[in-house]
Amino acid sequence: MIRKYIFGSPIETGAVVGTSVTDTYEHMTLMDMVYDSTSVVLSYTMEEDDVIYGLGQQVRGINKRGYLYISNATDDPNHIETKHSLYGAHNFLIVCGKKTFGIFIDDPGQVSFDVGYTAIDSLKVTAGGDCVIYTIEGSSLKDIVKQFRKLIGQSYVAPKWAFGYQQSRWGYKDIKDVRRVISGHHDQNIPLEAVCLDIDYMERYKDFTVDREAFPDFEGFVEEIKQQNVHLVPIIDAGVKIEEGYDVYEEGVKYGYFCKDEDGNDFVAAVWPGKVHFPDVLNSDARKWFGGKYRWLIEQGIDGFWNDMNEPAIFYSQKQLDQVFDELVAMRNENLDINSYFHMKDIVSELSNSPKDYRSFYHNMDGRVICHDKVHNLFGYNMTKAASEAFDTIAPDRRILMYSRSSYIGMHRYGGIWTGDNQAWWQQLLLSIQQMPSLNMCGILYTGSDIGGFGGDTTPDLLMRWLEFGLFTPLMRNHAAAGTREKEVYQFDRLDDYRNIIRIRYSLMTYIYSEFMKSVLDDEMYFRPVAFDYPDDRQAYAVEDQLMVGESIMIAPVYIQNAKGRYVYLPEEMMMVRMKSPEEKTCEMIAAGHHYIPVALNEIVIFIKKGHLLPMIILPKQVKTMADVDETRLEWLGAKDDEASYVLYTDDGISKKYTEKSQWKIIKMRNEDIGCGK
Ligand code: GLC
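All residue numbers refer to position in the chain's written sequence, counted from 1. Only residues with pLDDT of at least 70 are given local features in this predicted model, and only at 80 or more are side-chain atom pairs given and counted; all residues enter the totals for whole chains, interfaces and linings. Excluding hydrogens and water, the side-chain figures rest on all heavy atoms present in the structure.

1. Digging into the sheet that holds strand β31 (residues 547-549)
Working step 1: Here a strand pair is declared whenever DSSP counts at least two bridges between the two strands. Starting at the N terminus, helices and strands are each numbered in turn, a helix being any DSSP run of H or I of at least four residues and a strand any DSSP run of E of at least two. Here six strands make up an open sheet; going across it, the order is β30-β31-β32-β37-β34-β35 and the pairing antiparallel. Each edge of the open sheet carries a strand with a single partner, namely β30 (527-529) and β35 (585-590). The sheet shows a mean angle of 30° between the axes of neighbouring strands, direction not considered.
Working step 2: Inspection of the sheet shows β31 paired to strand β32 (residues 553-555) by three bridges, in the antiparallel sense. Residue pairing in the sheet places V549 in a bridge with I553 of β32. Note on geometry: axes are C-alpha line fits, over the in-contact stretch for helices, and angles between N-to-C directions span 0 to 180 degrees.

Written out as structure tokens, the structure reads:
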């Protein structure tokens, strides 16, 4: 049962596409509510054992209790637990306890979620005065999520090749670099499906251009590597460089498609290329125009993109920079002390992503002029929507890969996300594990984190453990910041171990893809907290570092340096599969309860649920890309059980004809065909 409450005159965000029952807010019974024209405040007293799920891309655990979260899309590379906002705004949460219900706040401005931060037992949600709130009641956690997902519409489907391993680095600058990355993997028989091009491929960081010195025959090069079944995935940034003679800039100015400042001039911010304008992606004409720009790259053979800096990130605005320089000049001959010295540092660092700047430019939402800060969280979403709507015209029958950094609920229909600029810290591996189910609740299914950590120098063991988790994430991408240690797996010794882990991903491809597609088509979560599958088991609610993945398995990644294993909680008896490679595995039944499970650095353990089966592809010796894999050669793992079955989804992996359930097959195996290595 979904109820809708409307406050003030809300902005149409497009987050919701399904139906609900409209109610008047006087009838809101699930939470206490105070509404005045500037804000809506919802309060709820949590019981000791209540668990709060949701909020998508945020810091901290799966259970969100005990902190203050603010939906305010922010470019911040320090995803530490004292931050309040990351790149996305995902205003959905579930209260689970004496009363269990979901709540979605459709408000594109700042929304805060005080989940036991001010007072341990009190949940307080504060939104602006113009918003729509949905409450969802259902028979279970899964049912609440399913209803919510139906409300917000079907999730984005990536082409199947995008489930292969992707390698990225801010710093691959020319054809030579890309060739080196491909041969670095393929010559060593390490699967690799795609190489991402970061900003260095562009001509002076201008969107929809290619540096012709670095890539003299770009189209020919795209074709050359396509022959090897490898895809190139270029980045597109939100800011359009201000440069005379640059067509995107000139057209945007001419048609009035950029965001405006208070005086009606095109708003000037600075990002990678220096001064830029932002395309007004909240305006449907501008969106169509900007989306159309992807055509050129698609015509060069490109079939995947990542949209970046679209919170939108701002290094500085000219206006504020001028003020800061004035202040600095005035301070020049001062004796800077405890206050003035820190003030000087602060005014410089606060230039970036400044709320003042976000309050100083405007969108034209098809006739309604609106200040950016009221709709801040919609920018990345609409940049991605621009591209996706254009793809429907440019390539109507096939899927194009798209993942964005910033997002809002609704964007999940147009693309996936990667979780932004994490760090090469063990703690960030755990964060990535914990973010996955929360993102899935909000419909963001095609997602993953920068494996090994984006910032900082990774270590060989962190990379290995992260790959062992990352092999389950639909987006499996190793990415690194400029200036950090090179971390393509072939940079390290123990190459056999890295190869084996990536090969395990490829051997699980049938399962991963089938489970991803079923989650999309059935509005389910691909990654789930353990309690979602075992709601009657109180202990399952406390599990913060294990996940259910698809219908058949549970994973328990190791995320602590030098750990030789870890404690795992099994809500029921399961079959544990221990693997060093797709070929070297052992299986063992493990009873319900808490167990210490040794897991060597180069091992992966998977727990198969009772009555379920796990298909694994029998890989040939040499696998460079999915093209080398024959998915009809499957072995079936699981406990022998006459009732065990698996629902397999398959399709051509590229067309958009996936809305039919006709491709679903229920597979039942004879007991003698099930087992380890059969
Ligand atoms: C941003 C992105 C990162 C990228 C960098 C350079 O920080 O999040 O992935 O490498 O910009 O484009």
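So that's the structure; there's more coming.
2. Let's talk about the environment of A563
Working step 1: Of note, A563 is situated in the loop between β32 and β33 (565-570).
Working step 2: Residues A563 and F267, 296 residues apart in the sequence, show an inter-C-alpha distance of 51 Å.
Working step 3: In this description, contact between two residues means that some pair of their heavy atoms is separated by no more than 4.5 Å. Beyond its immediate chain neighbours, meaning those up to four positions away, A563 contacts R465, V558 and V599.

3. Observations concerning the site of the ligand
Working step 1: Only heavy atoms are used to decide nearness, and a residue is near a molecule or strand if one of them lies within 4 Å of it. Near the ligand you find 13 residues, and of these D198, D308, R405, D421 and H479 are the closest.
Working step 2: Note that an oxygen atom of the ligand is positioned 2.4 Å from one of the side-chain N or O atoms of D198.
Working step 3: D421 is positioned such that a nitrogen or oxygen atom in its side chain is 2.5 Å from an oxygen atom of the ligand.
Working step 4: We get accessible surface area from the Shrake-Rupley algorithm with a probe of 1.4 Å; when it comes to residues, only the shown protein chains can shield them. Protein coverage of the free-state accessible area of the ligand, which is 310 Å², stands at 98%. Contacts described as polar in this section are N or O atom pairs within 3.5 Å, which, within protein, must combine one atom able to donate a hydrogen with one able to accept it, while residues neighboring in sequence count only if both atoms come from side chains.

4. Some points on the sheet that holds strand β8 (residues 92-96)
Working step 1: Taken in spatial order, the six strands of this open sheet run β2-β1-β12-β9-β8-β5, and their pairing is mixed. The open sheet is flanked by β2 (21-23) and β5 (51-54), the only strands paired with a single partner. On average, adjacent strands in this sheet sit at an angle of 25° to one another, irrespective of strand direction.
Working step 2: Summarising the sheet, β8 and strand β9 (residues 101-106) pair through four bridges and their orientation is antiparallel. Directly across from L93, in β9, lies its bridge partner I103.
Working step 3: Its contacts with the sheet put helix α1 (residues 141-152) on β1 (2-7), β5, β8, β9 and β12 (131-136), and the angle it makes with β8 is roughly 160°.

5. Considerations on the environment of I590
Working step 1: Here I590 lies in strand β35.
Working step 2: With a 1.4 Å probe rolled over the protein chains alone, any residue whose accessible area is under 20% of its type maximum counts as buried; one over 50% counts as exposed, and the rest are partly exposed. Relative accessible area serves as the criterion here: at 7%, I590 is assigned to the buried category.
Working step 3: In contact with I590, not counting residues within four places along its chain, are L570, E572, E573, M574, M576, H595 and I597.

6. Structural notes on empty space enclosed by the protein
Working step 1: We place a 1 Å grid over just the protein atoms. Points where a 1.4 Å probe fits but has no way out form a cavity, open points with protein on both sides within 12 Å along at least 5 of 7 lines form a pocket, and any residue with an atom within 4 Å of a point lines it. Grid points are joined across faces, edges and corners, and a volume is the space filled by probe spheres set on the points. Applying the stated rule across the entire model yields four cavities of 30 Å³ or more.
Working step 2: In terms of lining, the largest cavity is formed by R465, E468, F469, F472, I555, A556, P557, V558, V599, E603, I604 and V605.
Working step 3: Secondary structure elements with two or more residues in the lining of the largest cavity: α13 (460-470) and β37 (604-608).
Working step 4: At three residues, α13 tops the list of elements feeding residues into the lining of the largest cavity.

7. Concerning the layout of surface pockets
Working step 1: One number sums up the size of the largest pocket: a volume of about 620 Å³.
Working step 2: Lining of the largest pocket is provided by 29 residues; of these, G109, Q110, D373, K374 and H376 occupy positions nearest its centre.
Working step 3: At the level of secondary structure, the elements contributing two or more residues to the lining of the largest pocket comprise β11 (122-128), α9 (355-358), β23 (368-371) and α10 (372-375).
Working step 4: Considering each element in turn, the lining of the largest pocket owes the most residues, three residues, to β11.

8. Side note on the pattern of salt bridges
Working step 1: One speaks of a salt bridge when a side-chain nitrogen belonging to Lys or Arg is within 4 Å of a carboxyl oxygen belonging to Asp or Glu. Tallied over the entire structure, the rule returns 44 salt bridges.
Working step 2: Among the salt bridges present, the one from E389 reaches R287, with a minimum N-O distance of 3.5 Å. Of this pair, E389 sits in helix α11 (residues 379-394) while R287 sits in helix α5 (residues 284-292); the two residues are 102 residues apart in sequence, bridging distant segments of the chain.
Working step 3: Since its relative accessible area comes to 33%, E389 is described here as partly exposed.
Working step 4: Given the relative accessible area of 10%, R287 is considered buried.

9. Remarks on the packing of aromatic side chains
Working step 1: Under the pairing criterion, centres of Phe, Tyr and Trp rings, with the six-membered ring standing for Trp, must be within 6.5 Å; the plane angle then separates stacked pairs below 30 degrees from edge-to-face pairs above 60, leaving the rest tilted. Taken as a whole and judged by the stated rule, the model has 47 aromatic pairs.
Working step 2: With a centroid separation of 5.7 Å and an interplanar angle of 85°, the aromatic rings of Y67 and Y117 are classed as edge-to-face. Placement of the pair is Y67 in strand β6 (residues 67-71) and Y117 in the loop between β10 (111-115) and β11, with a sequence separation of 50 residues.
Working step 3: The class of Y67 is buried, set by a relative accessible area of 5%.
Working step 4: Considering the side-chain rings of W170 and F454, the 6.4 Å spacing of their centres and the 10° angle between planes classify their relative orientation as stacked. With a gap of 284 residues between them, W170 in the loop between β13 (165-167) and α2 (175-186) and F454 in the loop between β28 (450-451) and α13 connect regions that are remote in the sequence.
Working step 5: The class for F454 is buried, based on a relative accessible area of 9%.
Working step 6: Here a set of aromatic residues connected by ring pairs shows up, and it is made of Y156, F163, W306, Y403, W418, Y446, Y513, F516 and Y649.
Working step 7: The ring of W418 is capped by R477, whose NZ or CZ atom sits 5.2 Å from the centre of that ring. A ring is scored as having a charge over it whenever the NZ atom of a lysine or the CZ atom of an arginine sits within 6 Å of its centre and within 35 degrees of its normal.

10. Considering α2
Working step 1: Multiplying 1.5 Å by the helix residue count minus one yields the expected span of that helix. If you check α2, its first and last C-alpha atoms are 16 Å apart, about what twelve residues at 1.5 Å a residue would give, namely 16 Å.
Working step 2: Taken residue by residue, α2 has I175, D177, V178, V181, I182, G184, H185 and H186 as its buried positions.
Working step 3: Of the surrounding secondary structure, the elements contacted by the buried residues of α2 are β13, β14 (194-197), α3 (218-227) and β15 (231-237).

11. A word on a nonpolar patch on the surface
Working step 1: Nonpolar side chains collect at one region of the surface, where I338, Y341 and F342 lie side by side and expose about 320 Å² of accessible area between them.
Working step 2: Since its relative accessible area comes to 62%, I338 is described here as exposed. Patches in this entry comprise residues that are over 30% relatively accessible and not in a salt bridge; like charges within 9 Å are linked, as are nonpolar side chains (Val, Leu, Ile, Met, Phe, Trp, Tyr) within 5 Å.

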